[in-house]
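Listed below, chain by chain, are the residues.
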Amino acid sequence: QVQLVESGGRLVQPGDSLRLSCAASGNIFDTNAMAWFSQAPGKEREFVARIRLTGALTYYADSVKGRFTISRDNAKNTVYLQMSSLKPDDTAVYYCAASTSWITTLPDDYDYWGQGTQVTVSL
């Protein structure tokens, strides 16, 4: 009942900035939190950031603290991930996810997923 579509991923150089967007549609009134996950080739899907849709409380993985910012625009049903000081290790497919719960960083706890957008950080 909830559809998520990511956009904004592209090839950038180390140190560049990038903003990812996640547009939500459908019955999102019962969604309490949105999150971003990343998955590099051959790696497990990892938590990046989450945001509460009421109150905008946020939480970040240690690896992105101070570099990434998650935000929301409830009027537009959109969540953003502002990425700065990008590193080659940030290269991954970035997925947007939605959950009815708030206190979780586990992929299995998220109910809805987008198709992902590729971010490549390379010279």
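Fair warning: this is a prediction, and the values are worked out from it, not measured in the lab. (Residues numbered from 1 in each chain as written. Predicted model: local features only at pLDDT ≥ 70, side-chain atom pairs only at ≥ 80, totals over all residues. Heavy atoms only, no water.)

1. Some thoughts on the packing of aromatic side chains
To be explicit about the condition: We call Phe, Tyr and Trp rings a pair once their centres come within 6.5 Å, taking the six-membered ring for Trp, and we label the pair stacked below 30 degrees between planes, edge-to-face above 60, and tilted otherwise. Helix and strand definitions follow DSSP, with helices as H or I runs of at least four residues and strands as E runs of at least two, each counted in order from the N terminus. Think of it as a cone above the ring: NZ of Lys or CZ of Arg counts as a charge over the ring if it is within 6 Å of the ring centre and within 35 degrees of the ring normal.
One pass over the structure, following the stated rule, counts 6 aromatic pairs. Consider the rings of Phe37 and Tyr110, whose centres lie 5.1 Å apart with planes at 80 degrees: the pair is edge-to-face. Placement of Phe37 in strand E4 (residues 33–39) and of Tyr110 in the loop between strand E9 (92–99) and strand E10 (112–113) is noted, with a sequence separation of 73 residues between them. Judged by centre distance (6.4 Å) and plane angle (80 degrees), the rings of Tyr95 and Trp113 are edge-to-face. One end of the pair, Tyr95, is in strand E9; the other, Trp113, is in strand E10, and 18 residues separate them in sequence. Three or more aromatic residues joined by ring pairs make a cluster, and in this case those are Phe37, Phe47, Tyr59, Tyr95, Tyr110 and Trp113. Positioned above the aromatic ring of Tyr95 is the side chain of Arg45, whose terminal nitrogen or guanidinium carbon lies 3.8 Å from the ring centre. The cationic tip of Arg45 hangs over the ring face of Trp113; the distance from NZ or CZ to the ring centre is 4.8 Å.

2. Overview of the sheet that holds strand E3 (residues 18–26)
Sheets are built from strands paired through backbone hydrogen bonds, the pairs being either parallel or antiparallel. We apply this condition: One requirement defines pairing of two strands: DSSP has to find at least two bridges between them. Lines fitted to the C-alpha atoms define the axes, with helices restricted to the stretch that makes contact. Angles between their N-to-C directions range from 0 to 180 degrees.
With respect to topology, 4 strands assemble into an open sheet ordered E1-E3-E8-E7, the strand pairing being antiparallel. The open sheet has two edge strands with one neighbour each: strand E1 (2–7) and strand E7 (68–73). Sheet twist, expressed as the average angle between the axes of neighbouring strands with direction ignored, equals 15 degrees.

3. Looking at the nonpolar core
Worth spelling out the cut-off: Put simply, buried Ala, Val, Leu, Ile, Met, Phe, Trp, Tyr and Cys residues joined by side-chain atoms within 4.5 Å make one nonpolar core. Only protein chains enter the accessibility calculation, which uses a 1.4 Å probe; a residue is then buried when its area is under 20% of its type maximum, exposed when over 50%, and partly exposed in between. It only takes one pair of heavy atoms within 4.5 Å for two residues to be counted as in contact.
Counting residues in hydrophobic clusters, the biggest one holds 33 residues, and the most contacted among them are Met34, Trp36, Leu81 and Tyr94. Those elements giving two or more residues to this core turn out to be E1, E3, E4, strand E5 (46–52), E7, strand E8 (78–83), E9 and strand E11 (117–121). For this core, the leading source of residues is E9, giving 5 residues. Here Met34 is in contact with Leu4, Cys22, Ala49, Arg50, Ile51, Leu53, Ile70, Val79, Cys96, Ala97 and Ala98, once residues within four sequence places are set aside.

4. A look at the pattern of salt bridges
Convention followed: Any carboxyl oxygen of Asp or Glu that lies within 4 Å of a side-chain nitrogen of Lys or Arg is treated as forming a salt bridge with it.
The full count for this structure, using the stated rule, is 2 salt bridges. Notably, a salt bridge pairs Asp62 with Lys65, separated by 3.1 Å at the nearest N-O pair. Residue classification places Lys65 among the partly exposed positions, given a relative accessible area of 48%. Among the salt bridges present, the one from Arg67 reaches Asp90, with a minimum N-O distance of 2.8 Å.

5. Quick word on the pairing of E3
With 6 bridges connecting them, E1 and E3 associate as antiparallel partners. Its bridge partner lying in E3, Glu6 is registered against Cys22. Bridging between E3 and E8 involves 6 bridges; their strand directions are antiparallel. Following the sheet pairing, Leu18 is matched in E8 by Met83.

So far we have only geometry, and geometry alone does not tell us how the molecule works.
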